[in-house]
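The lines below spell out each chain.
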Amino acid sequence: MTERRHDRTFVRSFFTSPTALEGEDDSAKMIRSASGLRGMQAPDVWVPDNEDATAPSMRDEGVANILDVVAENGAEFPGEIHPRIVWHRDRPETRHRGLKHMLELADPANGAVDHLDGFVIPEVGDIDDWKKADEFFTIVENEHGLDEGSLAMSVIIESGEAELATGKLRDEMGKDTNNLERLFLFVDGEVDYTKDMRAITPAGDLPSWDELRHNTSRGASANGCIAIDGRYDDIRDVEGYRERMTENQSKGMLGIWSLTPGQVVEANWSPLPPEKDQWLLDDGREQVELEDEDGVAVYDGDRVSLEDTDEEYVLRVDGDERRLASDELTDELLGMVEYVPSMDDIVDSMEEFERARESGTGAIAMERATTLRIDGVEVDLSTERMWDEATYQASMTPVSLFQDVYEHRPDQHDDLAERYGENVVERATDVGT
Ligand SMILES: CC(C)(COP(=O)(O)OP(=O)(O)OC[C@H]1O[C@@H](n2cnc3c(N)ncnc32)[C@H](O)[C@@H]1OP(=O)(O)O)[C@@H](O)C(=O)NCCC(=O)NCCS
């Protein structure tokens, strides 16, 4: 696996805040309140956003506000701080303005740079453009006596050019003509990407851009960086945001943009395993959660029904009726259920595999069993899954994420202990290390 070069190996939440608001007594109001966020409301990466979130006329004031707030509150802020500056692949004057802002923000005389972890560069173009941005960082570091590469660079992928550049980076990184190892986050910007791609949808919705998300995740993996999905503008649609994150996670994109403190909370919890295990049943349209009643997984919806006629079983799924013998019913139901392990279960399985490995066994069968109840009819279900070293390593991802959070976010220890219990937290921090 390509080495990751930054303190954080996982970033769940990327939270932008407008740096200067016109017409307010304190134009820094929003970044001032964001700098006080703690626990699950505080993001892994906080981005005082001097680009799209801030009006063009307010951006010089925005820089002054970032300096003021970060110098005052940056030391106590529990996440990393990466302001977004202005940049554009096609506009040298915008890049020059961005350079001037970076020089000001990173000036030790202004008291903020000790608490700044890097900068976010929007609207990057092809690989040559990435190198220009990197060179500006190097100039800023040299100008202010900072170590070369000490400021991380994150980019917003919002053009086809930038998407293609993620595939070229491996050939460029590590050359002594650049410091591209400073690259940290690849963040998708689907709104501008849609414009750049000249995509059209009938209702004007944003396409889901699965390919972009896959390509960004692949580029991040190949270059030791971290992939972050773009903003989810429907800020009160919590379910939709959660679904988007579940999709992202299956692509290896474990972080997402957050626009509000409420979205930050969702983004921080989402990639962590649930506190309770859960059986799901496909009711013909969607996966529904089954109620746990003393170890029995109970379905009480309307789309699936089951009847035992003594001779056979009658199973109806979303209007489709089937008459089945007992073993056929078990097979059918096994195809409809899914098991979502809790943190406790994941750690249990990993510990069980570790014990087997220590005693010289390379592969074991891991059993999952439950009794399913539909319309009062109970059916025992059991599956066996082979676990070997590769399964163990793949299962490690959510646990490694948990461990990274535990190490870097002491302000979230209480929330984690409350959700999982002290014992599970302790075992999850130990397993696999
Ligand atoms: C979209 C937005 C206007 C909604 O604001 P809202 O309706 O006040 O949102 P909420 O009710 O969830 O906010 C709760 C509190 O958090 C504050 N807050 C919300 N989003 C915030 C943000 N991104 N940064 C800092 N503070 C924020 C609000 O000011 C509010 O504070 P208050 O209780 O002291 O009034 C606001 O979230 C925002 O400006 N987000 C950032 C937009 C952005 O980054 N755009 C650039 C994307 S390219």
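Please read all numbers here as calculations on a predicted model, not as lab measurements.

(A) Structural detail: the pattern of salt bridges. The tally for this structure, following the rule as stated, stands at 44 salt bridges. Linking Glu72 and Arg32 is a salt bridge whose minimum nitrogen-to-oxygen distance equals 3.9 Å. With Glu72 in helix α2 (residues 59–73) and Arg32 in helix α1 (residues 29–34), this residue pair connects regions lying 40 residues apart in the sequence. Here Lys175 makes a salt bridge to Glu172, at a shortest N to O gap of 3.3 Å. With a relative accessible area of 39%, Lys175 lands in the partly exposed category. For Glu172, a relative accessible area of 14% corresponds to the buried category. Three or more residues are tied together by salt bridges with common partners; here these are Arg8, Arg12, Asp44, Asp404, Arg409 and Asp411.

(B) Geometry of the packing of aromatic side chains. In the structure shown here, the tally under the stated rule is 12 aromatic pairs. Where Phe119 meets Phe137, the ring centres are 5.9 Å apart and the plane angle is 65°; that geometry is what we call edge-to-face. Here Phe119, found in strand β4 (residues 118–121), pairs with Phe137, found in helix α4 (residues 127–143); they are 18 residues apart in sequence, far enough to count as distant. Accessibility assignment for this pair places Phe119 and Phe137 in one class, buried. Ring geometry for Phe402 against Tyr420: centres 6.0 Å apart, planes inclined by 80°, an arrangement best described as edge-to-face. Of this pair, Phe402 sits in helix α13 (residues 389–408) while Tyr420 sits in helix α14 (residues 413–420), placing them 18 residues apart in sequence.

(C) Representation of helix α8 (residues 210–222) in the model. Compared with the 18 Å implied by 1.5 Å per residue over 13 residues, the 18 Å span of α8 between its first and last C-alpha is a close match. All of the buried residues along α8 are Leu212, Arg213, Asn215, Thr216, Ser217, Gly219 and Ala220. On the buried face of α8, the contacting elements are β5 (152–157), α5 (160–165), β6 (183–188), α7 (190–196), β7 (226–229) and α9 (238–249).

(D) Quick peek at the packing of α2 against helix α3 (residues 92–105). Taken N-terminus to C-terminus, the directions of α2 and α3 make an angle of 20°; their axes are 10 Å apart at the nearest point. In this view, α2 runs roughly parallel relative to α3, as classed from their interaxial angle. Crossing hand, α2 versus α3: right-handed. Between α2 and α3, the residues in contact are Arg59, Asp60, Val63, Ile66 and Leu67 and Arg97, His101, Glu104 and Leu105, respectively.

(E) Structural view of the side chain of Ser27. One can find Ser27 in the loop between β1 (13–18) and α1. Among the polar contacts listed, one links the side chain of Ser27 to the side chain of Asn65, at a separation of 2.9 Å. Sequence-distant contacts of Ser27, that is, excluding residues within four places in its chain, are made with Thr19, Ala20, Leu21, Met58, Glu61 and Asn65.

(F) Summary view of the pairing of β6. By the criterion of burial, β6 is predominantly enclosed, with six of the six residues buried. Here β5 runs beside β6; their pairing, made up of four bridges, is parallel. Residue Ile156 lies in a different strand from β6, and its bridge partner there is Val187. Inspection of the sheet shows β6 paired to β7 by three bridges, in the parallel sense. Residue pairing in the sheet places Val187 in a bridge with Ile228 of β7.

(G) The arrangement of the sheet that holds strand β14 (residues 313–317) in detail. An order of β13-β14-β15 is seen for the three strands of this open sheet, with the pairing classed as antiparallel. Edge positions in the sheet fall to β13 (304–308) and β15 (320–324), since each of these pairs with one other strand and no more. Each strand axis lies, on average, 15° off the axis of its neighbour in the sheet, ignoring direction. Across five bridges, β14 lies against β15 in antiparallel orientation.

(H) Up close: a negative patch on the surface. Taken together, the side chains of Asp414, Glu418, Glu422, Glu426 and Asp430 present a region of like negative charge at the surface. For the negative patch, the secondary-structure elements that each account for two or more residues are α14 and α15 (422–430). Of the residues forming the negative patch, the biggest block, three residues, is contributed by α15. By the secondary structure assignment, Glu426 is in helix α15.

(I) Structural view of the nonpolar core. Within the largest apolar cluster, 51 residues are counted, with the highest numbers of intra-cluster contacts made by Ile121, Trp130, Val155, Leu183 and Phe186. Residues contacting Leu183, with those up to four places away along its chain left out, are Arg5, His6, Trp130, Met153, Val155, Leu169, Met173 and Cys225. By size, the runner-up hydrophobic cluster in this structure holds 26 residues, among which are Phe10, Leu254, Trp387 and Tyr392.

(J) Examining the site of the ligand more closely. Lining the immediate surroundings of the ligand are 17 residues, of which Thr16, Ser17, Arg231, Arg236 and Leu259 lie closest. Within the side chain of Thr16, a nitrogen or oxygen atom sits 2.7 Å from an oxygen atom of the ligand. Contact with the protein chains hides 58% of the accessible area of the ligand, taken as 880 Å² for the molecule alone. Elements that contribute at least two residues to the shell around the ligand include exactly β1 and α1. When grouped by side-chain class, the residues that make up the shell around the ligand number nine nonpolar, three polar and five charged.

Conventions and cut-offs
- Residues numbered from 1 in each chain as written.
- Predicted model: local features only at pLDDT ≥ 70, side-chain atom pairs only at ≥ 80, totals over all residues.
- Heavy atoms only, no water.
- Salt bridge = Lys/Arg side-chain N within 4 Å of Asp/Glu carboxyl O.
- Helix = DSSP H or I, 4+ residues; strand = E, 2+ residues; numbered from the N terminus.
- Buried < 20%, exposed > 50% of the residue type's maximum accessible area, 1.4 Å probe, protein only.
- Phe/Tyr/Trp six-rings, centres within 6.5 Å; stacked < 30°, edge-to-face > 60°.
- Expected span 1.5 Å × (residues − 1).
- Contact = heavy atoms within 4.5 Å.
- Axes fitted to C-alpha atoms, helices over the stretch in contact; angles between N-to-C directions.
- Parallel < 35°, antiparallel > 145°, perpendicular 65-115°, else oblique.
- Left-handed = near helix turned anticlockwise from the far one by under 90°.
- Polar contact = N/O pair within 3.5 Å; in protein donor to acceptor, adjacent residues only side chain to side chain.
- Pairing = 2+ DSSP bridges.
- Patch = residues over 30% accessible without salt bridge, like charges linked within 9 Å, V, L, I, M, F, W, Y side chains within 5 Å.
- Areas by Shrake-Rupley, 256 points an atom, 1.4 Å probe, with all protein chains shown as cover.
- Lys, Arg positive; Asp, Glu negative; His and termini not counted.
- Charge placed at Lys NZ, Arg CZ, Asp CG, Glu CD.
- Core = buried A, V, L, I, M, F, W, Y, C linked by side-chain atoms within 4.5 Å.
- Near = heavy atom within 4 Å.
- Nonpolar A, V, L, I, M, F, W, Y, C, P; charged D, E, K, R; others polar.

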